[in-house]
Amino acid sequence: SSLSFYSCRSICSYAVFFNQLYQRRVREAVVSTQSTGASALELVTVMRRICVRCMFKSTEANIMELHVRENWRLSQERGHTALIQHFQNIVLNLLTTLKEVMEDIRFARGTDEALVKEIQTMFCGVIVAFADCLKKLTDSGESQLDISVSSNTDADQPAKTTAEERLVIVLGNCRHTMLTIIPLLLKTFTSQGYIKGSDYEIENRCIERYSTLEKSIFEKYVSSKESFLFGDIEEFLVPTSFPWAECNPPCSVNIYVQELALKLVIAMSELHNIEAELLQRIIGHLLEKVTLRVCTMLENVGVMCKNGSLQARLDLEACTLLFGSNMNKECRRKIKSVIGELPADNITPEDLAELSVMLDRFKAQNLILVSCLDHHRQSEQQALSPGGVGDNLKKRHSLKRKPAKPKGVRSPPGHS
């Protein structure tokens, strides 16, 4: 009969698909079916499940090993590497093969709801596997990743990068995957009928995994930058290094403030060249930590004379001048609070006027620093302004859902 012919054809096509890798499982399925006296159609049902599971298992294993193909070279779109494209191509190839197999299954016996549910779970595992791959890149040692090559080498060869640059690159890959690639893959997956239009469980599970990874990488990068920014700040602030109790009248801002500004510009440039959208977020966290450290140390100085109080006030005002455009409300409030708690005995309006003159002189001497810090802030505001790149990404990939549409109308996942 036509059904028997179709069953035989399916067995042959599945056997070809399995090739030698899964022939043992195929033979076991055939022997098991024959021993129980099951029909050829039941044999096909068993084999198609084996086929689909092996497809997903093999794909997930391939994705888990993608980290060895990372070359640390940023694409023209900036912020991510070609590794994401490899991941996307693997999943799209899986969906293409899966579509062909499932079309045969539906023709033979209609929709297999149990198998579809299993496919949803396995597909989620495939998507999450790339997050595990990215995590490997952040956990790998220096000897495995820092491979120096000249500019004339093949584009597929790993580029020379620092550990901090690699963290930002992986962070950019994670963000791009979460905001762009996952919605695209889920849209393709949904178009093949595996997800109902109002079911966002798989997307939310995937996004949650990548959000957790992004937060982990973000905190790791910020921690790596703290020691770079803090530098010798403590040596300038501790009473054993600076005579806060008995010091001369201030004549200029302490050198550590300028050094901190220079290091912050270096950090900003590194972030801007790799992932501009993360700039303000990371710099805000770093400034908050630095501000709290400086304020805490000044609060713990102990005995502070009039001149020491004026020097501390001048330094804090200079920090506000340099970093004010990048500071959050908490940093501003903390600095204002510490200035208000500084000893004010015998401080005259003339003393405050002199501080104002020194502050203006400091600003004039560091116009380049001030303009660099303000320029980065303005660039970030433009990216996040209505109609900007960051604003468009938020609009396109917001997880907030609109009310369900009438029956029969399907909303693609990942879009608000």
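The structure displayed is predicted, hence computed values, not measured ones.

Here is what the cut-offs are and how they apply
- Residues numbered from 1 in each chain as written.
- Predicted model: local features only at pLDDT ≥ 70, side-chain atom pairs only at ≥ 80, totals over all residues.
- Heavy atoms only, no water.
- Helix = DSSP H or I, 4+ residues; strand = E, 2+ residues; numbered from the N terminus.
- Buried < 20%, exposed > 50% of the residue type's maximum accessible area, 1.4 Å probe, protein only.
- Contact = heavy atoms within 4.5 Å.
- Areas by Shrake-Rupley, 256 points an atom, 1.4 Å probe, with all protein chains shown as cover.
- Axes fitted to C-alpha atoms, helices over the stretch in contact; angles between N-to-C directions.
- Parallel < 35°, antiparallel > 145°, perpendicular 65-115°, else oblique.
- Nonpolar A, V, L, I, M, F, W, Y, C, P; charged D, E, K, R; others polar.
- Lys, Arg positive; Asp, Glu negative; His and termini not counted.
- Salt bridge = Lys/Arg side-chain N within 4 Å of Asp/Glu carboxyl O.
- Polar contact = N/O pair within 3.5 Å; in protein donor to acceptor, adjacent residues only side chain to side chain.
- Expected span 1.5 Å × (residues − 1).
- Arc of directions from axis to C-beta.
- Core = buried A, V, L, I, M, F, W, Y, C linked by side-chain atoms within 4.5 Å.
- pLDDT = per-residue confidence, 0-100.
- Phe/Tyr/Trp six-rings, centres within 6.5 Å; stacked < 30°, edge-to-face > 60°.

1. What to know about the overall build of the protein chain
Okay, so step 1: Helix and strand content of the protein chain: 16 helices and zero strands.
Okay, so step 2: Looking at the protein chain as a whole, 45% of its 416 residues are labelled buried.
Okay, so step 3: For the protein chain, restricting intrachain contacts to residue pairs at least 6 apart in sequence, the fraction spanning at least 24 positions comes to 81%.
Okay, so step 4: Accessible surface for the protein chain amounts to roughly 21400 Å². Of this, 53% is attributable to carbon and sulfur atoms.

2. Remarks on the packing of helix 7 (residues 163-191) against helix 8 (residues 201-230)
Two quantities define a packed helix pair, namely the angle between the helix axes and the distance between the axes.
Okay, so step 1: The geometry of helix 7 relative to helix 8 is characterised by a closest axis approach of 9 Å and an angle of 170° between their N-to-C directions. Judged on the interaxial angle alone, helix 8 and helix 7 are roughly antiparallel.
Okay, so step 2: Residue classes in the contact of helix 7 with helix 8 are distributed as 17 nonpolar, three polar and six charged.

3. Regarding the environment of Val-128
Okay, so step 1: Inspection of the secondary structure puts Val-128 in helix 5 (residues 113-139).
Okay, so step 2: Spatially, the C-alpha atoms of Val-128 and Ile-63 are 9.6 Å apart, while their sequence positions differ by 65 residues.

4. Remarks on the side chain of Asp-315
Okay, so step 1: Within the secondary structure, Asp-315 is located in helix 12 (residues 306-323).
Okay, so step 2: Although Asp-315 is buried, it makes no salt bridge; Arg-313 carries the closest opposite charge, 11 Å away.
Okay, so step 3: Within the structure, Asp-315 has its side chain in polar contact with the side chain of Asn-254 (distance 3.0 Å).
Okay, so step 4: Looking at Asp-315, its side chain comes within polar contact range of the side chain of Tyr-256, at 3.5 Å.
Okay, so step 5: The contacts of Asp-315, once residues within four sequence positions are left out, are Trp-244, Val-253, Asn-254, Tyr-256 and Val-257.

5. Thoughts on unusual backbone geometry
Okay, so step 1: Phi at Trp-72 takes a positive value of approximately 60°, unusual for a residue other than glycine.
Okay, so step 2: In this structure, Trp-72 sits in the loop between helix 3 (40-64) and helix 4 (83-109).

6. So, the side chain of Gln-120
Okay, so step 1: If you trace the backbone, Gln-120 turns up in helix 5.
Okay, so step 2: For Gln-120, a relative accessible area of 12% puts it in the buried group.

7. Quick notes on helix 14 (residues 349-365)
Okay, so step 1: When the terminal C-alpha atoms of helix 14 are compared, their 24 Å separation across 17 residues agrees well with the 24 Å that a helix rising 1.5 Å per residue should span.
Okay, so step 2: Buried within helix 14 are the following residues: Asp-351, Leu-355, Met-358, Leu-359 and Phe-362. In an axial view of helix 14, the angular spread of the buried residues amounts to 105°, which keeps them on one side of the axis. Within helix 14, the exposed residues directed more than 90 degrees away from the buried face are Pro-349, Glu-350, Asp-360 and Ala-364.

8. Structural notes on the nonpolar core
Okay, so step 1: Phe-87, Ile-119, Phe-130, Tyr-210 and Phe-323 are the most contacted members of the largest nonpolar core, which has 106 residues in total.
Okay, so step 2: Element by element, the count of residues in this core is highest for helix 5, at 15 residues.
Okay, so step 3: With near-sequence residues (within four places) excluded, Phe-87 lies in contact with Ile-63, Leu-66, Val-126, Ile-127, Phe-130, Thr-177, Ile-181, Leu-185 and Tyr-210.

9. Describing the environment of Val-265
Okay, so step 1: In this structure, Val-265 sits in helix 10 (residues 255-274).
Okay, so step 2: Spatially, the C-alpha atoms of Val-265 and Ile-283 are 9.8 Å apart, while their sequence positions differ by 18 residues.
Okay, so step 3: Apart from residues no more than four positions distant in its own chain, Val-265 is found in contact with Leu-369, Cys-372 and Leu-373.

10. Re the confidence of the model for the protein chain
Okay, so step 1: Of all residues in the protein chain, 68% attain a pLDDT of 70 or more, and the chain-wide mean is 75.
Okay, so step 2: Mean pLDDT across the elements of the protein chain ranges from a minimum in helix 6 (residues 142-145), with 40, to a maximum in helix 14, with 92.
Okay, so step 3: Low pLDDT (under 50) marks residues 141-153, which in the prediction has 19 contacts with non-local residues, meaning those over four places away or in another chain.

11. Here we look at the packing of aromatic side chains
In this description, a pair of aromatic rings is defined by centroid distance and the angle of the planes.
Okay, so step 1: Scanning all chains against the criterion turns up three aromatic pairs.
Okay, so step 2: Note on Phe-123 and Phe-189: the rings are 3.9 Å apart at their centroids and 5° apart in plane angle, and the pair reads as stacked. Here the residue Phe-123 occupies a position in helix 5, and Phe-189 occupies one in helix 7, the gap between them amounting to 66 residues.
Okay, so step 3: The class for Phe-189 is buried, based on a relative accessible area of 0%.
Okay, so step 4: Summarising the aromatic geometry, the rings of Phe-189 and Tyr-194 are spaced 4.8 Å apart at their centres and angled 20° between planes, so their arrangement reads as stacked.
Okay, so step 5: In textbook terms, an aromatic cluster arises when at least three aromatic residues are bridged by ring pairs, as seen for Phe-123, Phe-189 and Tyr-194.

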